[in-house]
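Each chain, written out:
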Amino acid sequence: MMRFDIISVLPDLMQSPFAHSILMRAQKKGLAEIVVHNLRDYSNNKHRNVDDYPYGGGSGMVMSVEPFAACIEHLQSQRSYDDVVFMSPDGETLNQQIANEFAVKGNIIILCGHYKGIDQRIRDIFVTREISIGDYVLSGGELPAAVFVDSIVRLIPGVLSDETSALSDSFQGELLDAPVYTRPAEWRGIKVPDILLSGNQLKIDEWRYDQALERTKARRPDLLDD
Ligand code: SAH
């Protein structure tokens, strides 16, 4: 059972992404547990503030040390964690390899930033990995955290009903995925490639490999070694 503790000022925003489809099924099967904590519950003042003005001036608020420290230390007193991850645009860019690496871990804490970000000392003292979901800036760490968790949970053995389906996904090997089709066999004059209707599995696999290779050459030649 893999456990994610996500610390956020917008816990409501985090309900829906985990309440459907594969992520919900993973939790129902007891393969993953996703717990969202409201950072404001760990605020040390009566207004439940979790941010303050930046030292040195400038625009935007900074998330304070105390609430994050209190929440992380509370969690760490209950169980041990493999990583404390901070979602941050200046972190390592998430890819399939990182998702694979995390899919075999146990307990993970994920911190969601807001405003200008979080006080550097939280990063220095508690954070063990910093993950970005791409070279663009979002207003909070919640959507990045949902993307990160989704990319991991679907790789936990037993989560996908067809166990092999993650293996043929793009980025799992060095090839992108092949094109896919479903019924009807002809639509607006466009036919599904005959080979897919042939029933010849060997030929179908060959076709899929060729298509994947062509697509990778055309779209992502950088993925191919030679
Ligand atoms: N001033 C920061 C951006 C803050 S954006 C900077 O320039 O690096 C507010 C929060 O949203 C961040 O602390 C982070 O938790 C989250 N966030 C924004 N874009 C992100 C991205 N591409 N990947 C991961 N987290 C992101």
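What you are looking at is a predicted structure, and each value in this text was computed from that prediction instead of being measured. (Residues numbered from 1 in each chain as written. Predicted model: local features only at pLDDT ≥ 70, side-chain atom pairs only at ≥ 80, totals over all residues. Heavy atoms only, no water.)

Student: Looking at this structure, how should I read the overall build of the protein?
Tutor: Counting secondary structure elements, the protein contains six helices and nine strands. Counting only C-alpha atoms and orienting by the principal axes, one finds that the protein spans roughly 70 × 40 × 35 Å. Residues counted as buried form 39% of the 226 residues belonging to the protein. Long-range pairs, those at least 24 residues apart, make up 75% of the contacts in the protein between residues at least 6 apart in sequence. When the accessible surface of the protein is summed, it comes to about 13300 Å², and 50% of that surface belongs to carbon and sulfur atoms. (Helix = DSSP H or I, 4+ residues; strand = E, 2+ residues; numbered from the N terminus. Buried < 20%, exposed > 50% of the residue type's maximum accessible area, 1.4 Å probe, protein only. Contact = heavy atoms within 4.5 Å. Areas by Shrake-Rupley, 256 points an atom, 1.4 Å probe, with all protein chains shown as cover.)

Student: Sorry if this is basic, but what is going on with the site of the ligand here?
Tutor: For the ligand, the set of nearby residues contains 20 residues, the closest of which are Met87, Gly113, Lys116, Tyr136 and Leu138. With respect to the ligand, the backbone of Met87 contributes an N or O atom lying 2.6 Å from an oxygen atom. Separating an oxygen atom of the ligand from a backbone N or O atom of Gly113 is a distance of 2.9 Å. Here the ligand loses 85% of its free accessible area of 560 Å² to cover by the protein chains. Of all the elements in the fold, those that place two or more residues in the shell around the ligand are strand 5 (83-93) and strand 7 (129-132). Top contributing element to the shell around the ligand by residue count: strand 5, with four residues. Within the shell around the ligand, the residues separate by chemical class into ten nonpolar, nine polar and one charged. (Near = heavy atom within 4 Å. Polar contact = N/O pair within 3.5 Å; in protein donor to acceptor, adjacent residues only side chain to side chain. Nonpolar A, V, L, I, M, F, W, Y, C, P; charged D, E, K, R; others polar.)

Student: I'm lost on helix 2 (residues 65-76) in this one. Help?
Tutor: Each full turn of the α-helix corresponds to 3.6 residues, which orients residues three or four apart in the same direction. Compared with the 16 Å implied by 1.5 Å per residue over twelve residues, the 16 Å span of helix 2 between its first and last C-alpha is a close match. Within the sequence span of helix 2, burial applies to Pro67, Phe68, Ala69, Cys71, Ile72 and Leu75. Packing partners of the buried residues in helix 2 comprise strand 1 (2-8), strand 2 (32-38), strand 4 (62-63), strand 5, strand 6 (107-111) and helix 4 (120-125). (Expected span 1.5 Å × (residues − 1).)

Student: I would appreciate a short explanation of the layout of surface pockets in the present structure.
Tutor: Gaps left between atoms show up when a probe the size of a water molecule is rolled over them. Each pocket or cavity is described by its volume, and for the largest pocket that value is around 470 Å³. As for the largest pocket, its lining consists of 25 residues, of which Ser168, Asp177, Ala178, Pro179 and Arg208 are closest to the centre. Looking at side-chain class alone, the lining of the largest pocket contains 15 nonpolar, four polar and six charged residues. (1 Å grid on protein atoms, 1.4 Å probe; cavity = no way out; pocket = protein on both sides within 12 Å on 5 of 7 lines; lining within 4 Å. Points joined across faces, edges and corners; volume = space filled by probe spheres on them.)

Student: Explanation requested: the sheet that holds strand 5 in the structure shown.
Tutor: Note on sheets: strands pair through backbone hydrogen bonds, and any given pair is parallel or antiparallel. Within the open sheet, the five strands sit side by side as 2-1-6-5-7. Their pairing is parallel. For this open sheet the edge positions go to strand 2 and strand 7, each flanked by a neighbour on one side alone. Strand-to-strand, the axes of this sheet are offset by a mean angle of 30°, without reference to chain direction. Relative to strand 7, strand 5 is paired through five bridges, and the arrangement is parallel. Pairing of Met87 across the sheet is with Ile131, part of strand 7. The strands that helix 5 (residues 142-153) touches are strand 1, strand 2, strand 5, strand 6 and strand 7; relative to strand 1, the one it contacts most, it runs at about 175°. (Pairing = 2+ DSSP bridges. Axes fitted to C-alpha atoms, helices over the stretch in contact; angles between N-to-C directions.)

Student: Explain a nonpolar patch on the surface here, please?
Tutor: On the surface, a cluster of nonpolar side chains totalling about 450 Å² of accessible area is made up of Leu10, Leu13, Tyr136, Leu138 and Leu143. Among the secondary structure elements, Leu138 is positioned in the loop between strand 7 and helix 5. On the accessibility criterion, Leu138 (39% relative accessible area) is partly exposed. (Patch = residues over 30% accessible without salt bridge, like charges linked within 9 Å, V, L, I, M, F, W, Y side chains within 5 Å. Salt bridge = Lys/Arg side-chain N within 4 Å of Asp/Glu carboxyl O.)

Student: Help me understand the packing of aromatic side chains in this model?
Tutor: A ring pair, where both rings are aromatic, is described by two values, the distance of the centres and the angle of the planes. For the coordinates displayed, the defined rule picks out one aromatic pair. On the basis of an interplanar angle of 80° and a centroid distance of 5.1 Å, the ring pair of Phe102 and Phe148 is categorised as edge-to-face. With a gap of 46 residues between them, Phe102 in helix 3 (residues 96-102) and Phe148 in helix 5 connect regions that are remote in the sequence. Relative accessible area serves as the criterion here: at 0%, Phe148 is assigned to the buried category. Here the guanidinium or amino end of Lys105 rests over the ring plane of Phe102, the centre of that ring lying 4.9 Å away. (Phe/Tyr/Trp six-rings, centres within 6.5 Å; stacked < 30°, edge-to-face > 60°. Lys NZ or Arg CZ within 6 Å of the ring centre and 35° of its normal.)

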